[in-house]
Amino acid sequence: MKKALITGITGQDGSYLAEFLLGKDYEVYGLIRRSSSFNTGRIDHVYKDPHEPSRRLQLLYGDLSDSSCLTSIINRIQPDEIYNLGAQSHVRVSFDAPEYTADIVGVGAIRLLEAVRNCGVRPRFYQASSSEMFGKVMEVPQTEKTPFYPRSPYAAAKVFAYWAAVNYRESYDMFACNGILFNHESPRRGETFVTRKITRAATRIKLGLQNKLFLGNLDAKRDWGYAKEYVEAMWLMLQQDHPDDYVLATGETHSVREFLEEAFSYLDLNYQDHVEIDPRYYRPAEVDLLIGDASKAKKQLGWTPKTTFRELVRIMVDADLKLAEREKSSGGRISN
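First, a word on scope: everything that follows refers to the structure included in this document. (Residues numbered from 1 in each chain as written. Predicted model: local features only at pLDDT ≥ 70, side-chain atom pairs only at ≥ 80, totals over all residues. Heavy atoms only, no water.)

Turning our attention to the overall build of the protein chain. Tallying secondary structure elements over the protein chain gives 11 helices and 13 strands in all. Computed over the C-alpha atoms, the radius of gyration of the protein chain is 20 Å, within 12% of the 20 Å expected from 2.2 N^0.38 for a compact globule of 336 residues. Seen through its principal axes, the protein chain has C-alpha atoms that stretch 60 × 50 × 40 Å. Taking the intrachain contacts of the protein chain between residues at least 6 apart in sequence as the baseline, contacts between residues at least 24 apart amount to 81%. Taken as a whole, the protein chain presents about 15200 Å² of accessible surface, with 48% of it coming from carbon and sulfur. Taking the 44 positively charged and 45 negatively charged side chains of the protein chain as two groups, their mean positions are separated by 3 Å. (Helix = DSSP H or I, 4+ residues; strand = E, 2+ residues; numbered from the N terminus. Rg over C-alpha atoms; globule rule 2.2 N^0.38 Å. Contact = heavy atoms within 4.5 Å. Areas by Shrake-Rupley, 256 points an atom, 1.4 Å probe, with all protein chains shown as cover. Lys, Arg positive; Asp, Glu negative; His and termini not counted. Charge placed at Lys NZ, Arg CZ, Asp CG, Glu CD.)

See the structure below:
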């Protein structure tokens, strides 16, 4: 039975990846940070499954800021695969906490790679890279050969981690891959991210639990896919004969405004009646357009996205409508 270690297992991608690997009969270990409250909601349905007596999913306390802890965990587990998904992943927040973001996103990747090297194990390593690295894009669409032009502390830290993975691959013959994922969403997306913020608010407005939605730049364009599909490609990268780097994207771009229109109209609402612009949500440096070309992933991994933009929005709205209905039935109050 293969063993996999996932950092960021409690996040959107980590939870879907854990499900996927368990379905492949892996033994899965997840790195979680110590907190005064439980933050395992996305994985509780598998972690606490009474029909899983073998406990093939185990959670371990640790942090990407603690190299000795990472070394100890890798020595103990001896994983076959490592998926580094852990991060301070909110781009706007990275402007407010740049040093912390750089430490966890950038230096954290180096700590993990060094832990692997020092332990003398030979796991296959996946580094979660980001389309935000392209930033002020140098060409359209973006491919694995497009130069990076990061426009946030988060993106700059991701560029550092990307090149760290490449360097360890070339310097130490490590099987290290970068997945350059364009925006990928789901009902498990955090509520502070714009897509989930929209679907959460739209459904609450529909049920009278909320009046207004405050957003920033509605004209930013992104390549939006379904997160549940993207984790399979992460796994596929580590099953190849040779390590490489891959763009994962749909090849379509849609604006935040289009996402709003699709979500609100699906609920028979007009977003213009409820959305207000708040300058606090603007980034100091904006990324105007992202659209990826995943031809390499299609050719070498056999991977293609299947869920359309409209289907993705509706999957998220349907899930959040159920959440809002539960909220209303439990006595939710109208708020802004």
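Anyway, onward from the coordinates.
So, on to the packing of helix α3 (residues 67-77) against helix α5 (residues 98-119). Following both chains from N to C, one finds α3 and α5 inclined at 45°, their axes separated by 9 Å at the closest point. With respect to each other, α3 and α5 are oriented oblique. Between α3 and α5 lies a crossing whose hand is right-handed. Counted together, Ser67, Leu70, Thr71, Ile74 and Asn75 of α3 and Arg111, Leu112, Ala115, Val116 and Cys119 of α5 form the full contact between these two elements. Its residues placed into classes, the contact of α3 with α5 shows six nonpolar, three polar and one charged. (Axes fitted to C-alpha atoms, helices over the stretch in contact; angles between N-to-C directions. Parallel < 35°, antiparallel > 145°, perpendicular 65-115°, else oblique. Left-handed = near helix turned anticlockwise from the far one by under 90°. Nonpolar A, V, L, I, M, F, W, Y, C, P; charged D, E, K, R; others polar.)

Right, let's talk about unusual backbone geometry for a bit. In this chain, Val140 is followed by Pro141 through a cis amide linkage whose omega measures -5°. With a phi angle near 55°, Asp173 is a residue other than glycine that sits in the positive phi range. With respect to the helices, strands and loops of the structure, Asp173 is situated in the loop between α6 (153-172) and β6 (176-181). Residue classification places Asp173 among the exposed positions, given a relative accessible area of 58%. Backbone geometry places Asp268, a non-glycine residue, at a positive phi of 60°. Note on placement: Asp268 falls in the loop between α9 (256-266) and β13 (275-277). Using a relative accessible area of 68% as the deciding quantity, one classes Asp268 as exposed. (Buried < 20%, exposed > 50% of the residue type's maximum accessible area, 1.4 Å probe, protein only.)

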